[in-house]
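Here's the letter readout for the chains.
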Amino acid sequence: MDKVYNHKGVEEKLYQQWEKAGYFTPKIDPSASSGQERKPFTIILPPPNANAPLHFGHAMYVVEDILIRYHRMKGDPTLWLPGADHAGFETQFVFEKQLEKKGKSRFDYDRATLYQMIWDYVQENRKGMENQLRRLGFSLDWTRTKFTLDKDIVQIVHKTFKKMYDGGLIYRGERLVNYCTHCGTSFSDLEVVYEERQDPLYYIKYGPLVLATTRPETKFGDTGIAVNPKDKRYQKLVGKEVEIETVLGKAIIRVVADDAVDPEFGTGVVKITPSHDFNDFEIAQRHNLSMKQVIGFDGKMNEHAGKFAGMYVGQARKVIIEEMQQKGLIEKIDDKYIHRIGLCYKCKNVLEPLPLEQWFVRMEPLAKRAIEVVKKGKIKFYPQRHEKTYLNFLENIRDWNISRQIVWGIRIPAWRCQKCKNQKLKSKNTNQNAKIGNNEEMEQSTNNGWVVTDGTKPEKCPNCGSAQLEQDEDTFDTWFSSAQWPFATLQTAKEGDFGTFYPTTVLETMYDILLFWVARMVMVGLYVTGEIPFQNVVLHGMVKDPLGKKMSKSKGNVVDPLEIVEQYGADAVRFALVYGTAFGNDQSLSYPKLEAMRKFTNKLWNMGRFIAMKRIQNSKFKIQNSVQEILEIATHKNDKTMVKRTQKLIKEITEYLDGYQFNYAAERLYDFVWHEFADKYIEDVKKRIDDNSSLILNSLFIILLKLLHPFTPFVTEEIYQQLKFEGSLMMQPWPK
RNA sequence: GGACUCGUAGCUCAGCGGUAGAGCGUUGCAUUCACAUUGCAAAAGUCAGAGGUUCAAAUCCUCUCGAGUCCACCA
């Protein structure tokens, strides 16, 4: 053995050895078990986006590997299933950036070509990403790897959509959506990022009234004026129509009373622009005000904006304000007004609320069950505080827009009959009465001609028999497929997997996708399978840069995990990530810590070296596996004490792992191994070494290697093999 | 407007009701011994601030001040 542990060469060699031996694939052959059926332990890896290499935060999946290796050693049929996510919009966005560099855009290609180009790009990226996971030592069962666009997964996603549609949970509705006119697609509410901005608040004369608005350019889309019903100032006008002056001439507008209007704000009068504001849309629903769209999906004013048509919104606002000032229509401007506006989370442009027909999932019934299973304790959160966020989200949930106007994704299996799209269809579906807005039951004519299937193109329209059917151009929100990941993977990976491994044991991910992903998996999983998708939700914190800033591509402070692995070794990286930070809290990447952990792996190595040197050659001395056995042969009182301490250690580490207290486990191991076992015990044995104490030292050391193995698999395995023990450490039983 | 996290030794962070802890760094000593990627030892904190509960508070409660995050339809 070399004097210094050199991770280079060792890690890749061992990983290949493990993978080749099939150790990552669970043993579920019942005849192989010793009679007693063990409960399987399953984790589905959060599928990384296939569009980019991993960032350092992904290395936190090490806690999953720790759990997996621990349970595998305990003898549980253990499955850790890898995969990749096509990451619909994200990927298309990244790809478009690449096209831009070449002076191209997505509009230069037809749908099929663009899709194929992105497909190739993603397949290339996937390899790199999977290699990174291997380099971190993750014992994933690669024989079961899945991709969200695999044919069989797509089939399941289609089937789910159909099931939900037939069950009345999907409806097609024209509603306001968050639309990015730059990216050309709508988003769900969760994808909107808000930013505080200081914008002028214009006080505009509206006939006899004055009202405050930040968006004077939407004035042409106004179809009402609202005041609070209790507001005495305006009571006389409620229900009346007033004539107002605009820069495009006179207009007649109705005044309505609605509780949503805050009499304290501005003048207590609000213009209602149902096509371009979420509040206004809802108020309009309540008072039957009509819709009038004045902004197009290209972000420009449309024909209803008269001479301003063709101008981008921002430009139009300026010009209109100038004209209004000239006409004396502006009473005052408050330019210190601070409010929050919704931005596209990718391109950071201001999102435009626009009316668009989209597919929505009715969330309330789904959320109800998802709340129930958590309240009943069927799903537990670690750390527990996240439960509150989860429940809060579900208790106030709004319907989910799952349509995206992009090509990269799973195309929605809905066809529209060109003949009867303008007629009302009598359908057995309850979708007819899709819920809109708050508590309004409203009949929808939105099923007009739509035929939903489980993926196959319908031959003819079930209503009129026409063969003129066109598939919806849109694709699913990527989270719609991710929401099905636990059952979709297990239903398609290998025969019998779903029966054996579902519901999975642990879902481990970063807390930032608790609502996007975890909550939706619970809802959809429950709906489709009738069972919870996982029993424990374990959430790790964010890994920030050394200065405590969030890593992001735009800031340029992202760290490639491979670089760090190269430098310090995967074991040191793994240990550093769980050591010294309360599990679940954010942490900053710390080079001194990585260095310290590298020293720790070296310390282990040298302990192994010492033991190798002092090892007795007599073959009748057999390594004892259980603490009990070691205790029986121990004669010296110091040995006995050490055996007992080790026994206690095993218990502690086991309990910590069962309770997802990774940092406690790591810290305890570090301290015990270095400062109790090496500094004190080895120093003591050194002076009095004989066959018996050597055997005990040896046996105890193996136990420590086993306890450490889930955390630092490479160095422990390498030492084990250097000491010429049989087989692989990773397949040895967990110490007792 | 709600919810959450964090503010503890120079740095990074544990501890979360019983007389302040670790790693790194600093200082001193040791060393041909498995390991100088080592060992032994030392210096270093009125635990953000104020008030309260308690025999006892870094730890529980309230408020204040800072750093950050998430949710929410105030024009």
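Just so we're clear, the structure is a prediction, and the values are computed from it rather than from any experiment.

Calculation notes
Residues numbered from 1 in each chain as written. Chains lettered and ligands numbered in written order. Predicted model: local features only at pLDDT ≥ 70, side-chain atom pairs only at ≥ 80, totals over all residues. Heavy atoms only, no water. Pairing = 2+ DSSP bridges. Helix = DSSP H or I, 4+ residues; strand = E, 2+ residues; numbered from the N terminus. Axes fitted to C-alpha atoms, helices over the stretch in contact; angles between N-to-C directions. Polar contact = N/O pair within 3.5 Å; in protein donor to acceptor, adjacent residues only side chain to side chain. Contact = heavy atoms within 4.5 Å. Buried < 20%, exposed > 50% of the residue type's maximum accessible area, 1.4 Å probe, protein only. Near = heavy atom within 4 Å. Nonpolar A, V, L, I, M, F, W, Y, C, P; charged D, E, K, R; others polar. Arc of directions from axis to C-beta.

*Asks:* Can you tell me about the sheet that holds strand E24 (residues 469-471), naming the residues and giving the values?
*Replies:* Here 3 strands make up an open sheet; going across it, the order is E23-E20-E24 and the pairing antiparallel. At either end of the open sheet lies a strand with only one pairing partner, and these are strand E23 (450-452) and E24. Each strand of the sheet is rotated relative to its neighbour by a mean of 30 degrees, with strand direction disregarded. Sheet topology note: the strand E20 (residues 414-417)/E24 ladder contains 3 bridges and is antiparallel. By the bridge assignment for E24, cysteine 417 is matched with leucine 469.

*Asks:* Could you give an account of the side chain of threonine 505, with specific residues and numbers?
*Replies:* Looking at the element boundaries, threonine 505 is found in strand E26 (residues 504-510). Looking at threonine 505, its side chain comes within polar contact range of the main-chain nitrogen of threonine 42, at 2.9 Å. Discounting residues that sit within four places of it in the chain, threonine 505 has contacts with Pro40, Phe41, Thr42, Phe534, Gln535 and Asn536.

*Asks:* Just give me the short version of the environment of valine 538, but keep the residues and values in it.
*Replies:* Take valine 538: it is sitting in strand E27 (residues 534-540). By relative accessible area, valine 538 is classed as buried at 0%. When the C-alpha atoms of valine 538 and leucine 507 are compared, they prove to be 6.0 Å apart, with 31 residues separating the residues in sequence. If we skip the residues at most four places from it in the chain, valine 538 touches Tyr382, Val506, Leu507, Glu508, Thr509, Phe583, Tyr660 and Phe662.

*Asks:* Before we move on, could you go through the protein's contact with RNA strand B and cite the residues and values that matter?
*Replies:* Taken together, 47 residues lie near RNA strand B, and Asp262, Phe265, Asn279, Gly580 and Trp674 sit nearest. Each atom of RNA strand B within 4 Å of the protein belongs either to a base or to sugar and phosphate, the latter forming 64%. Tyrosine 579 places a polar side-chain atom, nitrogen or oxygen, 3.3 Å from a sugar or linking oxygen of RNA strand B. Counting residues per element, the ones that place at least two in the surface near RNA strand B are strand E9 (209-213), strand E15 (338-344), helix H9 (386-395), helix H16 (591-613) and helix H19 (662-687). By residue class, the composition of the surface near RNA strand B is 20 nonpolar, 12 polar and 15 charged.

*Asks:* Would you mind going over H9 in detail, with residue names and values included?
*Replies:* Of all the positions in H9, only His386, Glu387, Tyr390, Leu391, Phe393 and Leu394 are classed as buried. Buried residues of H9, viewed axially, fall in a sector of 160 degrees; they line one side. Those residues of H9 that are buried are in contact with helix H8 (364-375), strand E17 (380-382), helix H13 (514-529) and E27.

On their own, these measurements won't tell you what the molecule is for.
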